[in-house]
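Close look at the chain arrangement
As a plain string of letters, each chain reads:
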Amino acid sequence: MDVGLYHYLVLGGVLFCIGLVGVMIRRSVIAMLIAVEILFNSINLIAVAFNRFVYPGQVTGQVFVVFIMTVAAAEAAVALAIVMSVYRNFRSVEVDGLTVLKK
Amino acid sequence: MPYFYELAWLIPALPLFSFVTTVLFTRRYKALTTFISCASVTGSFYLSLRVLGEMLGGGGSRQTFELDWIPLGHALKVTLGVYLDPLSVMMLIVVTTVSMLVHIYSIGYMRHDEGKSRFFSFLSLFTFSMLGLVLSDNMLQMFIFWELVGVCSYLLIGYYYEKKVAADAAKKAFSVTRAGDLGFFMAVVICWGYFGTFDFFVIQHQYGHTTEWLARLFPFLIFFGAMGKSGQFPLHIWLPDAMEGPTPVSALIHAATMVVAGIFLVARAIMIFASTPDTMLWVAYIGGFTALFAASIAVAQHDIKRILAYSTLSQLGYMMMALGIGGSVGLMNDGHGHSGTDLALMGQTAGTFHLFTHAFFKALLFLASGSVIHAMHTNNIWEMGGLRSKMKVTVWTFVIGTLALAGIPPFAGFWSKDEILATAFEVATVHGYVLFGTGLAAAFLTSFYMFRLCFVAFWGRVPEKVYPHESEFSMTLPLVLLAALSVVAGLIGHADVAAWLGLPGYAQFLNPTWDHIPVFHYLIAGASVAVALLGIGSAYALYAGRPVEWTTGAHDPLRARLGRLYDHLEHKWYIDELWSWIVNHVLFRMAAACAWFDRHIVDGTVDLIAFATTRAGILLQPVQSGRLQNYILAVVVGLILVLAYLYARTPQILAQIM
């Protein structure tokens, strides 16, 4: 069986949904971060797939992926630092308790 | 080679330099500040004389300096220029001469004053502004300097700011002249709107072809500005109060220079004015009325400076009357044997010539009165007396100024006043004769109140316990010089006398291309001298033998003769009361209505918006749960809704993707 564009798109879509549901239902901030990473990577997958099958001669999709990976790394660093700080203050990384900004 | 023409920009620049230097650096060194101010204005005076010399040598009229100040494309170009023509050069001479002499006088007058540096730097600023005003080649520049002289006037009237009267007088002067300036400003705006330029000469050229009513209103608005500055009825009320300033300031600003800015403005725009004869008739009647009205008030005043202030108002009215009556027949019409243009130029000549001579003798009268006040420590003429033997220079120069003002030949005022009366006479309309009569009546009152002042203050015996002494040299020198000018300045008005002196006559100087030679009317001159002598005679009869015990205005013998009328005169015809009623009952009520509108409607709208925002915030507050995952859910739901909407609108979108 040939693996074509649609396979990648379906895989990407499935990953995206997993990530989205993960972000929405997991209560731990760490788990949410992991889910966000899955979201990123689903997009990356789709981007390189389009690049490969729709515009084979170009590198636009790959460049996007590289940028997204860079940004994701920076984001992860910042987010983990925030998580550390949240943990120090609240002794917990459960997202339900973090509503102090509201008032 | 007109060398000094090119340097004319230095004439206002020197006092500006002096102002900046003295304010920024030398304020603490009073002697140095005084020196810089006096030196700079003397430099301006010298340059003005040289420019005059070159003009007499055939320099002509032209713009010699131009600075693109705010170039805003073709739509609006704001330039600062120096325009030299006989009118502006005449003003240069007047302003620099009087300003220089006032500076010298102030050395003595302000010797013991703590704020001397402040005084001199303001004087410099004023001199700069006034010179910038007279050299202006466009209306906007003139307006800028017009406001600057107003500010200087405000600063100098309120020089003794710790005195409440002085501070109030300064505010009054500023607000009343501002009311007039509004007219001038509207004229400037209209001028730009209709003619697309601020240049006087371009407007003058185009004006005759305009028929739009707003443009026809233009001279009237200019005149409104001139009324405020030159104290024409009913905007005259600020000038007598302005006498709260130091006397040199009264002499420089409120007698010789700033108050004639209005006359200068009308004279500058005379050809624009003369194409609207109706406005000119207004100008003439307001001028004539002011001349008579202010003179009548001066008759019953007791403060030496106030008498002079009303006299200034009256003479300014005279000048306005001359300008107005000359242009009142219109450029297109003919008078009796004269074309309308001839008559307009005659009015311009007479009005500005009176401005020229008046500047000298009125500055002289003010400075001499300052010298008297300096010695007597009072302004009330009834508390003076017998000064003739104690202060010889002051009193005799004062008498020369009085003779010049009263119009006794050969003193300066005679020639110029005669020319004004002659213009009114030659216009030969009903209005001309009415104003001629008004002028004669004002001339009678003028000589009466001036000699009343002299007989009361200088003749008789010295009151007890007062030891007046002559003022110091720096104060008497300007008096003597101004007295000399008051004697000779008028001579150039008579073409033959001027030719004998080797100078062009004033009319020929002012309009070199105009071939009209003014005729000297012996009959009119005789009439004006006769009424002046009548005034002196009446004053002599009433006041010459004043007993020593008449020490207040209550003893004025005129009071018994005039009865109720005297009270009206003493209270200045209650015009101040009328204005304060208008301000309190009309203006303040309008202000209260505006304040109500502002507070309830404008602020109310703003408050309503703020209130609505706050309420909406409170209503929407529950949406912000603070739970991160609720937000994400909202984002996802929102995204799905957007996508669903897009699909519902154009179902093909899915087919395109597939």
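As the structure is a prediction and not an experimental result, all values here were calculated from the model. (Residues numbered from 1 in each chain as written. Chains lettered and ligands numbered in written order. Predicted model: local features only at pLDDT ≥ 70, side-chain atom pairs only at ≥ 80, totals over all residues.)

1. Re the overall build of chain A
The criterion, for reference: By the criteria applied, helices consist of DSSP H or I runs no shorter than four residues and strands consist of E runs no shorter than two, each listed in order from the N terminus. Restricting the calculation to C-alpha atoms gives the radius of gyration, and the globule rule supplies 2.2 Å times the number of residues raised to the power 0.38. Two residues form a contact once the distance between their C-beta atoms, set from the backbone, is within 7 Å.
In terms of regular secondary structure, chain A is built from 3 helices and 0 strands. Mapped in sequence order, the helices and strands of chain A form the string α-α-α. Taking 103 residues into account, the globule formula puts the C-alpha radius of gyration at 13 Å, and chain A, at 17 Å, lies well above it. Considered along the principal axes of its C-alpha atoms, chain A spans approximately 50 × 25 × 25 Å. Nonlocal contacts in chain A, meaning residues at least 24 apart in sequence, comprise 51% of its contacts between residues at least 6 apart.

2. What about the overall build of chain B?
The cut-off we apply is this: Think of it as a crowd count around each C-beta: if 20 or more other C-beta atoms lie within 10 Å the residue is buried, if 12 or fewer it is exposed, and in between it is partly exposed, with C-beta placed from the backbone throughout.
On a plain count of helices and strands, chain B comes out with 29 helices and 2 strands. Dimensions along the principal axes, computed over C-alpha positions, put chain B at roughly 115 × 60 × 55 Å. Relative to its full complement of 658 residues, chain B shows a buried share of 51%. Within chain B, counting contacts between residues at least 6 apart in sequence, those at least 24 apart form 79% of the total.

3. Here we look at the packing of helix α11 (residues 247-256) of chain B against helix α15 (residues 304-327) of chain B
Residues and elements named next belong to chain B. Short version of the rule: Geometry is summarised by axes, namely lines fitted to C-alpha atoms with helices restricted to the contacting stretch, and by angles between N-to-C directions that run from 0 to 180 degrees. With respect to orientation, any angle under 35 degrees is reported as roughly parallel, any angle over 145 as roughly antiparallel, any angle of 65 to 115 as roughly perpendicular, and every other angle as oblique. Throughout this entry, Asp, Glu, Lys and Arg are counted as charged residues, while Ala, Val, Leu, Ile, Met, Phe, Trp, Tyr, Cys and Pro are counted as nonpolar. The remaining residues, Gly among them, count as polar.
Running from N to C, α11 and α15 point in directions that differ by 10°, and their axes come no closer than 11 Å. In terms of orientation, α11 and α15 fall into the roughly parallel class. Contacts between α11 and α15 pair Thr-247, Ser-250, His-254 and Ala-255 from the former with Lys-305, Ala-309 and Thr-312 from the latter. Grouping the constituent residues of the contact of α11 with α15 by class yields 2 nonpolar, 4 polar and 1 charged.

4. Notes on the interface of chain A and chain B
Contacts between chain A and chain B engage 9 residues on the former and 8 residues on the latter. Looking at the side of chain A that touches chain B residue by residue, the classes come out as 6 nonpolar, 1 polar and 2 charged.

5. Examining α15(B)
How we decide: To estimate how far a helix should reach, multiply one less than its number of residues by 1.5 Å.
The terminal C-alpha atoms of α15(B), which comprises 24 residues, lie 35 Å apart, in line with the 34 Å expected from a rise of 1.5 Å per residue. Counted residue by residue, α15(B) has 23 buried out of 24 residues, so it is predominantly covered.

6. Regarding the packing of helix α19 (residues 412-427) of chain B against helix α24 (residues 522-543) of chain B
Residue and element names in this part refer to chain B. Keep this limit in mind: In this scheme the handedness of a crossing depends on how the near helix is turned from the far one: anticlockwise by less than a right angle means left-handed, clockwise means right-handed.
The interhelical angle for the contact between α19 and α24, taken along N-to-C directions, is 125°, at an axis separation of 10 Å. In terms of their interaxial angle, α19 and α24 are classed as oblique. Taken as a pair, α19 and α24 cross one another with a handedness that is right-handed. Contacts from Lys-417, Asp-418, Leu-421, Ala-422 and Phe-425 in α19 reach Ile-524, Ala-525 and Ser-528 in α24.

7. Description of the nonpolar core
All names here are of chain B. To be explicit about the condition: What we call a nonpolar core is a set of buried Ala, Val, Leu, Ile, Met, Phe, Trp, Tyr and Cys residues whose membership is set by joining through C-beta atoms within 7 Å.
Counting residues in hydrophobic clusters, the biggest one holds 206 residues, and the most contacted among them are Ile-263, Val-266, Ala-363, Leu-364 and Ala-457. Among the elements that take part in this core, helix α16 (residues 340-376) stands out by supplying 19 residues, more than any other. Dropping the residues within four chain positions of it, Ile-263 is found in contact with Ser-230, Leu-316, Met-319, Met-320, Leu-323, Gly-351 and Leu-355.

8. Let's talk about the pairing of strand β1 (residues 62-72) of chain B
All names here are of chain B. To keep things clear, this is the line we draw: Strands were regarded as paired on the criterion that DSSP finds at least two bridges between them.
Taken across its 11 residues, β1 has 0 buried, putting it largely on the surface. With 9 bridges connecting them, β1 and strand β2 (residues 76-84) associate as antiparallel partners. Among the inter-strand pairings, Asp-68 is bridged to a residue of β2, identified as Thr-79.

9. Re the environment of Leu365(B)
For Leu365(B), the location among the structural elements is in helix α16. As for Leu365(B) and Phe448(B), which are separated by 83 residues in sequence, their C-alpha atoms are 16 Å apart.

10. Here's the deal with the environment of Tyr154(B)
Residue and element names in this part refer to chain B. Positionally, Tyr-154 belongs in helix α6 (residues 139-157). A residue is classified by how many C-beta atoms lie within 10 Å of it, and Tyr-154, with 21 of them, is buried. For the pair Tyr-154 and Tyr-109, spaced 45 residues apart in sequence, the C-alpha separation works out to 20 Å. Apart from the residues lying within four places of it in its own chain, the contact partners of Tyr-154 are Ala-170, Ala-173 and Phe-174.

11. Focus: α16(B)
Residues that lie three or four places apart on an α-helix share one face, since the helix turns once every 3.6 residues. Residues and elements named next belong to chain B. Using the following cut-off: Fitting one axis to the seven residues ending at a residue and another to the seven starting there, the bend at that residue is the angle between the two axes.
With 37 residues, α16 should cover 54 Å at 1.5 Å per step; its first-to-last C-alpha distance of 52 Å lies within 8% of that length. Bending of α16 peaks at approximately 30° at the position of His-358. Most of α16 sits inside the fold, with 32 of its 37 residues counted as buried. Backbone geometry just after α16 places His-377 at a positive phi near 55°.

12. Observations concerning the confidence of the model for chain B
Residues and elements named next belong to chain B. Rules: Confidence scores labelled pLDDT are given residue by residue by the predictor and lie between 0 and 100.
For chain B, mean pLDDT is 86; residues scoring 70 or higher make up 97% of the total. Per-element averaging of pLDDT across chain B places helix α29 (residues 652-657) at the bottom with 73 and helix α27 (residues 575-620) at the top with 92. ipTM for the predicted complex: 0.79, alongside a pTM of 0.78.

13. With respect to unusual backbone geometry
Excluding glycine, residues mostly carry a negative phi; peptide bonds, for their part, are mostly trans. For the bond running from Phe233(B) to Pro234(B), omega is 0°, close enough to zero to count as cis. Along the chain, Pro234(B) falls in the loop between α9 (213-229) and α10 (238-241). Residues Pro409(B) and Pro410(B) are joined by a peptide bond in cis, for which omega reads 0°. Turning to its location among the elements, Pro410(B) is positioned in the loop between α18 (392-406) and α19. Phi at Arg91(A) takes a positive value of approximately 60°, unusual for a residue other than glycine. Despite not being glycine, Tyr574(B) shows a phi value in the positive range, around 60°. Here Tyr574(B) lies in the loop between α26 (564-570) and α27. Take Tyr574(B): there are 12 C-beta atoms within 10 Å of it, and that puts it in the exposed class.

14. Overview of the environment of Pro86(B)
All names here are of chain B. By the secondary structure assignment, Pro-86 is in helix α4 (residues 86-109). Along the backbone, Pro-86 and Arg-111 are 25 residues apart, and their C-alpha atoms lie at a distance of 37 Å. Not counting residues within four places of it along the chain, the set of residues in contact with Pro-86 comprises Met-55, Ser-61, Phe-509 and Leu-510.

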